[in-house]
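In case you want the letters, here they are:
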Amino acid sequence: MIDAPTTEGVKYAGSKLKLLPHILQLAKKTDAKTVLDGFSGTTRVSQAFAKTGYRVLCNDIAAWSEVFGVCYLLNRKCKADYVELIEHLNTLLPREGWFTERYGGNPEAVQADGLKKPWQIHNTRKLDAIREEIDRLPLTKVERAIALTSLILALDRVDSTLGHFASYLKEWSPRSFNELVLEVPNLFCTDEQHEVSRRDIFELVNDRTADLAYYDPPYGSNNEKMPPSRVRYASYYHLWSTVCLNDDPELFGKALRRKDTSDTLASSVFEEFRRNDRTGRFIAVEAIERLIRNTRARWIILSYSSAGRATADELNEILRGNGSLVEVVEIDYKRNVMAKMKSTHDWVRDADVPNREFLFLIETDTNN
């Protein structure tokens, strides 16, 4: 098994940190030199591919994911070159601004609006000062991304959440009492010319090619009782988008979510729980099939969970109908069984047991 390189990111419900060795091991079985990471999230997979020697196209529609991608993949300097910038941001005088008014809480008093908060007020005051200064400074695209990434990583270390921003803890977490301190991210340089984009995945695959595509789409629950409205991935991390954009968005709900991340506006077709009225198939299943069919790459690694909307039989049909299923890796988190290899012919039999994730290595049709 390949030892995955060190990567960096925030707490993330869709993190593939534990899967990195298995993703890299499957990639090694191909002749790939270039990799498309189509749903990059915290960019841990992109970072791992870049550090392993691949040329990476890192893509995600989230603004904060693009910032992470620019920080880690487009940087060409060493960490020491950014120390002065980060130290300057750390020495700013705290001030009360937009973030403090909405997301800062006082642990010694009842909140005026009665809402729970993701950070304590002593840290949101620093956030307000730092975020204003980042916009004021004449920074390059990479410098700006590094400053914002440093800020997000620091905020992630002092939050009072379960790792997302759809709701906040009733009692303050111990880490929320700590001081917000920025550090230079764990930067690295490679010889490859990586790319970072923020595009709809279907638009991207129509005009870009790669040797290997890695897909970890957000997937909807397979719970038939799932109501029409549910929290989407965009809502889980809405605050990281606001920190990056600093755009004074319209907010709603007890968690003060961005209105543009509401369930009706920010839903992904891969999270869709309904069936297509015309075909009778789940819309999310059809989206996966369309993505695999349209991808212009010889190899595809697909991550998928037994909690997803697609059944094992449906997914097996999609994979076999769009190429050759070369290998399957099963990860059972409940039993802590990692990299249990399943035959490409019999993995379906127990795939519907909860808490399992699968990695599929697919060699696409030659005409793809």
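Computed from a predicted structure; not experimentally measured. (Residues numbered from 1 in each chain as written. Predicted model: local features only at pLDDT ≥ 70, side-chain atom pairs only at ≥ 80, totals over all residues. Heavy atoms only, no water.)

## Some points on the overall build of the protein chain
Next, step 1: Each helix and strand in the protein chain was counted, giving 12 helices and 12 strands.
Next, step 2: Out of the 368 residues belonging to the protein chain, those deemed buried represent 55%.
Next, step 3: Put simply, the protein chain shows about 16800 Å² of open surface, and 48% of that area lies on carbon and sulfur atoms. (Helix = DSSP H or I, 4+ residues; strand = E, 2+ residues; numbered from the N terminus. Buried < 20%, exposed > 50% of the residue type's maximum accessible area, 1.4 Å probe, protein only. Areas by Shrake-Rupley, 256 points an atom, 1.4 Å probe, with all protein chains shown as cover.)

## A short note on helix H12 (residues 312-321)
Since the α-helix turns once every 3.6 residues, residues separated by three or four places project in the same direction.
Next, step 1: Of all the residues in H12, the buried ones are Ala-312, Leu-315, Asn-316, Ile-318 and Leu-319. Down the axis, H12 shows its buried residues gathered within 160° of arc, on one side only. Away from its buried face, by an angle of more than 90 degrees, H12 presents the exposed residues Asp-313, Glu-317 and Gly-321.
Next, step 2: Looking at the buried positions of H12, the neighbouring elements they touch are helix H11 (283-294), strand S9 (297-305), strand S10 (323-332) and strand S12 (356-364).
Next, step 3: Gly-323, located one to two residues past H12, shows a positive phi value of around 150°. (Arc of directions from axis to C-beta. Contact = heavy atoms within 4.5 Å.)

## Overview of the pattern of salt bridges
Next, step 1: Enumeration according to the criterion identifies 22 salt bridges in this entry.
Next, step 2: The closest approach of N and O atoms between Glu-327 and Lys-29, which form a salt bridge, is 3.9 Å. Of the two residues, Glu-327 is situated in strand S10 and Lys-29 in the loop between helix H1 (20-28) and strand S1 (34-37); the sequence distance between them amounts to 298 residues.
Next, step 3: The shortest N-O distance in the salt bridge between Asp-260 and Arg-258 comes to 3.0 Å. (Salt bridge = Lys/Arg side-chain N within 4 Å of Asp/Glu carboxyl O.)

## Remarks on the confidence of the model for the protein chain
Next, step 1: Taken as a whole, the protein chain shows an average pLDDT of 88; of its residues, 87% reach a score of 70 or greater.
Next, step 2: Ignoring residues within four places in sequence, the model shows residues 221-229, a span with pLDDT below 50, making 16 contacts including any to other chains. (pLDDT = per-residue confidence, 0-100.)

## Quick look at the packing of aromatic side chains
Next, step 1: Applying the stated rule across the entire model yields 17 aromatic pairs.
Next, step 2: Between Trp-119 and Phe-165 the ring centres are 5.7 Å apart and the planes differ by 50°, which places this aromatic pair in the tilted class. With Trp-119 in strand S4 (residues 119-120) and Phe-165 in the loop between helix H7 (141-156) and strand S5 (195-197), this residue pair connects regions lying 46 residues apart in the sequence.
Next, step 3: The exposure class of Phe-165 is buried, given its relative accessible area of 2%.
Next, step 4: Cluster of aromatic residues (ring-pair linked, three or more members): Tyr-12, Trp-64, Phe-68, Tyr-72, Tyr-236 and Tyr-237.
Next, step 5: The aromatic ring of Phe-202 is capped on one face by Arg-290, whose charged end is 3.8 Å from the ring centroid. (Phe/Tyr/Trp six-rings, centres within 6.5 Å; stacked < 30°, edge-to-face > 60°. Lys NZ or Arg CZ within 6 Å of the ring centre and 35° of its normal.)

## Comments concerning the nonpolar core
Next, step 1: Counting residues in each nonpolar core, the largest one holds 71 residues, and the members touching the most others are Phe-49, Leu-89, Trp-119, Leu-151, Trp-240, Ile-301 and Leu-359.
Next, step 2: Ranked by the residues each element gives to this core, the list is headed by H7, at 10 residues.
Next, step 3: Not counting the four nearest positions on each side in its chain, Trp-240 is found in contact with Val-10, Trp-64, Trp-119, Ile-152, Leu-155, Asp-156 and Phe-165.
Next, step 4: Within the second largest apolar cluster, 30 residues are counted, among which are Phe-270, Val-285, Ile-300 and Ala-310. (Core = buried A, V, L, I, M, F, W, Y, C linked by side-chain atoms within 4.5 Å.)

## Notes on the side chain of Gln-47
Next, step 1: Topologically, Gln-47 is positioned in helix H2 (residues 44-52).
Next, step 2: By relative accessible area, Gln-47 is classed as buried at 1%.
Next, step 3: Sequence-distant contacts of Gln-47, defined by excluding residues within four places in its chain, comprise Thr-7, Glu-8, Thr-42, Tyr-72 and Phe-188.

## Concerning the environment of Thr-364
Next, step 1: Relative to the elements of secondary structure, Thr-364 occurs in strand S12.
Next, step 2: Taking relative accessible area as the criterion, Thr-364 reaches 8% and is therefore assigned buried.
Next, step 3: Remark: the alpha-carbon pair of Thr-364 and Gly-321, spanning 43 residues in sequence, is separated by 9.5 Å.
Next, step 4: Ignoring anything within four residues of it in the chain, the contact list for Thr-364 reads Ala-297, Arg-298, Ile-300, Asn-322 and Gly-323.
Next, step 5: At a separation of 2.8 Å, a polar atom in the side chain of Thr-364 contacts the main-chain carbonyl oxygen of Ala-297. (Polar contact = N/O pair within 3.5 Å; in protein donor to acceptor, adjacent residues only side chain to side chain.)

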